[in-house]
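Structural overview for review
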Amino acid sequence: SFNNFAINGSGSSTNHTSISGPSGNYNLVENNTFIGGYIGLVANGPTTDSASGNIIRNNIIQDFRWYGLYANYNNGVTIEGNDLSRSSRSTISNVYGMYLSAMSNGAISENRIHDMFNQDPTSTGYFYGFYISQLTGNSNRNLIANNLIYNINNNGNIFVFYSNGSMTSTDIVHNTVVINDPNSTSSSSCRALYFNTTIDNSSISNNVFYINRGGSGNKYMAYINGTFSSTSKLNNNAYYSTPSNLS
């Protein structure tokens with residue numbers, strides 16, 4: 001277990017905290033504070049045999065440069081109740097709240113991703129809330145649920161849920177997305193859902209999406225540029241926007 005630590009990497013550090021390799025199984029990372037670094041927290045398994053049973057819970061991850069949480073090759077990972085923000089980061093770049101790749105049977109719930117561009121709201125850096133790739137479900141489905149994304153004010157592209165690799169047996173449900181930046185002058189795109197891949201036996205349901213962003217850039221609630229199988233569902237979501245705010 002790794003509990004109740006405070007790790008300060010400073011606002012310019014390029015270090016990160018990592019649990020990885022064949023010994024990185026059944027770890028509990030809980031109630032810690034990670035500040036700064038290029039990546040806030042890494043949880044990677046080996047490519048030949050995914051890490052199993054890791055729990056990352058109730059941590060504060062803040063002021064990282066690029067990735068808040070980077071998790072690759074995990075089976076049965078739980079990522080729950082974490083708070084990710086970048087409100088005091090002076091060096092602004094593209095940013096990924098969570099990067100989740102090659103994951104099976106995972107549970108990603110009750111996390112908050114917010115305040116990513118406070119020090120430079122005119123930044124043209126990209127925002128990815130959840131970047132997901134190669135998600136598969138075996139005996140249990142992947143679950144991404146009850147997460148909250150808000151205070152993402154910038155002039156760059158916004159992709160809240162971005163899938164760029166196949167997604168199978170995954171449920172994205174009961175999440176809340178609030179993009180409320182009416183004073184933005186951005187000419188960049190804003191997309192709550194962006195799927196550039198094959199979606200199979202998956203459900204995107206019962207989420208709340210709110211977009212109120214100024215500027216001339218395109219705004220989409222759901223942008224699907226891939227294959228959406230007949231066994232997948234996109235339904236029962238609540239979409240809110242100002243009357244002329246969507247493309």
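Okay, so let's go over this structure. (Residues numbered from 1 in each chain as written. Predicted model: local features only at pLDDT ≥ 70, side-chain atom pairs only at ≥ 80, totals over all residues. Heavy atoms only, no water.)

Digging into the overall build of the protein
Filter applied, for reference: Each helix is a run of H or I in the DSSP string that is no shorter than four residues. Each strand is a run of E no shorter than two, and both are numbered from the N terminus. The contact criterion used is simple: two residues touch if any of their non-hydrogen atoms lie within 4.5 Å. The method behind every accessible area is Shrake-Rupley, applied with a 1.4 Å probe, and residues are considered shielded solely by the protein chains displayed.
Scanning the protein for helices and strands turns up 0 helices and 30 strands. Counted over contacts in the protein with a minimum sequence separation of 6, partners at least 24 positions apart contribute 82%. Within the structure as shown, the protein displays about 10000 Å² of accessible surface, and the carbon and sulfur contribution to it stands at 42%.

Remarks on the packing of aromatic side chains
This is how it is decided: Think of it this way: a Phe, Tyr or Trp ring, Trp meaning its six-membered ring, pairs with another when their centres are within 6.5 Å, and the plane angle makes it stacked under 30 degrees, edge-to-face over 60, tilted otherwise. Each residue is placed in one exposure class: buried if its accessible area under a 1.4 Å probe, protein chains only, is under 20% of its type's maximum, exposed if it is over 50%, and partly exposed if it falls in between. Remark: a charge is flagged as sitting over a ring if the NZ atom of Lys or the CZ atom of Arg is within 6 Å of the ring centre and within 35 degrees of the ring normal.
Counted according to the given criterion, the structure contains 22 aromatic pairs. Centroid distance Tyr-38 to Trp-66: 6.0 Å. Interplanar angle 5°. Geometry classified as stacked. With Tyr-38 in the loop between strand E5 (33-35) and strand E6 (39-44) and Trp-66 in the loop between strand E9 (60-62) and strand E10 (67-75), this pair connects stretches of sequence that are 28 residues apart. Assessed through its relative accessible area of 31%, Tyr-38 is described here as partly exposed. Judged by centre distance (5.0 Å) and plane angle (70°), the rings of Tyr-220 and Tyr-223 are edge-to-face. According to the relative accessible area criterion, Tyr-223 is partly exposed, its value standing at 28%. Among the aromatic side chains, those forming a connected cluster through ring pairs are Tyr-67, Tyr-70, Tyr-96, Tyr-99, Tyr-126, Tyr-128, Tyr-131, Phe-159, Tyr-162, Tyr-194, Tyr-220 and Tyr-223. In this structure, Arg-86 is placed above the aromatic ring of Phe-117, and the distance from its NZ or CZ to the ring centre is 5.1 Å.

The analysis is restricted to geometry; functional conclusions fall outside its scope.
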